[in-house]
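So the chains spell out like this:
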Amino acid sequence: MFALNKESLDLVVHELLKRSGSQADIKLEKHFPGNRIAGGKYSMGTHTVTLYAEEIKNQCQQLFASADRFLDYFAVVFAHELGHAEDAELKQLASHLDACITEQERWLTALKIEENAWAFAEKLLPDMDKAFMQNIIYHSLKPYRDQLQMEPA
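Quick caveat: nothing in here was measured; it's all calculated off a predicted structure. (Residues numbered from 1 in each chain as written. Predicted model: local features only at pLDDT ≥ 70, side-chain atom pairs only at ≥ 80, totals over all residues. Heavy atoms only, no water.)

Trainee: Is there a simple way to explain the packing of aromatic side chains in this structure?
Mentor: Where two aromatic rings form a pair, the distance of their centres and the angle of their planes describe that pair. Using the criterion set out here, one finds 6 aromatic pairs in the structure. Considering the side-chain rings of phenylalanine 32 and tyrosine 52, the 5.1 Å spacing of their centres and the 90° angle between planes classify their relative orientation as edge-to-face. In this pair, phenylalanine 32 is assigned in the loop between β1 (25-29) and β2 (40-43) and tyrosine 52 in strand β3 (residues 48-52), connecting sequence segments 20 residues apart. A relative accessible area of 13% places phenylalanine 32 in the buried class. The interplanar angle of 25° and the centroid separation of 4.7 Å between the aromatic rings of phenylalanine 64 and phenylalanine 132 together place this pair among those described as stacked. In this pair, phenylalanine 64 sits in helix α2 (residues 53-64) while phenylalanine 132 sits in helix α6 (residues 130-148), placing the two residues 68 residues apart along the sequence. Classification of phenylalanine 64 as partly exposed rests on a relative accessible area of 26%. Ring pairs connect the aromatic residues Phe64, Tyr73 and Phe132, which therefore count as one cluster. Directly above the aromatic system of phenylalanine 132 lies the positively charged group of arginine 69, at a separation of 3.8 Å from the ring centroid. (Phe/Tyr/Trp six-rings, centres within 6.5 Å; stacked < 30°, edge-to-face > 60°. Helix = DSSP H or I, 4+ residues; strand = E, 2+ residues; numbered from the N terminus. Buried < 20%, exposed > 50% of the residue type's maximum accessible area, 1.4 Å probe, protein only. Lys NZ or Arg CZ within 6 Å of the ring centre and 35° of its normal.)

Written out as structure tokens, the structure reads:
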């Protein structure tokens, strides 16, 4: 899968980097090195976005019962990670996360970090199928909202 789609993935990465103006380093990996299904991560220390193609494919299959829209799903995940990379509040929010005293405060701060990245992703992908993207965002934010027992805004 990865070798066949590498050129397509590179095109998506190039296009979204151009649109975003981000200077983040980008790494494409096949698998996340942990036991979660993490599609991507942003490292503030190195200003690097790492994307995990097989995990993104697995997430797409879990959420949509098919990998037919893998490239769109990949674009959404990448746009979200770029949202972290370009979030002017991230450093402050990450420091606040470390200083949080209560669990609720930690979850609220983590939710804000994720909401900021999703807001950026939505602006970066104005032509993306709204229902498709909202479904991904809903499921991404659901664990945070469940912890806080919140309804979506």
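Trainee: What's the story with the sheet that holds β3 in this structure? I'm lost.
Mentor: Pairing between the strands of a sheet comes from backbone hydrogen bonds, and it takes one of two forms, parallel or antiparallel. Pairing within the open sheet is mixed, and its 3 strands lie in the order β1-β3-β2. Edge positions in the open sheet fall to β1 and β2, since each of these has one partner strand only. Mean inter-strand twist for the sheet, computed between neighbouring axes without regard to direction, equals 15°. Across 4 bridges, the pairing between β2 and β3 is antiparallel. Across the sheet, the residue bridging to lysine 41 is threonine 50, located in β3. Against the sheet, α2 engages β1 and β3, with an angle of about 60° to β3. (Pairing = 2+ DSSP bridges. Axes fitted to C-alpha atoms, helices over the stretch in contact; angles between N-to-C directions. Contact = heavy atoms within 4.5 Å.)

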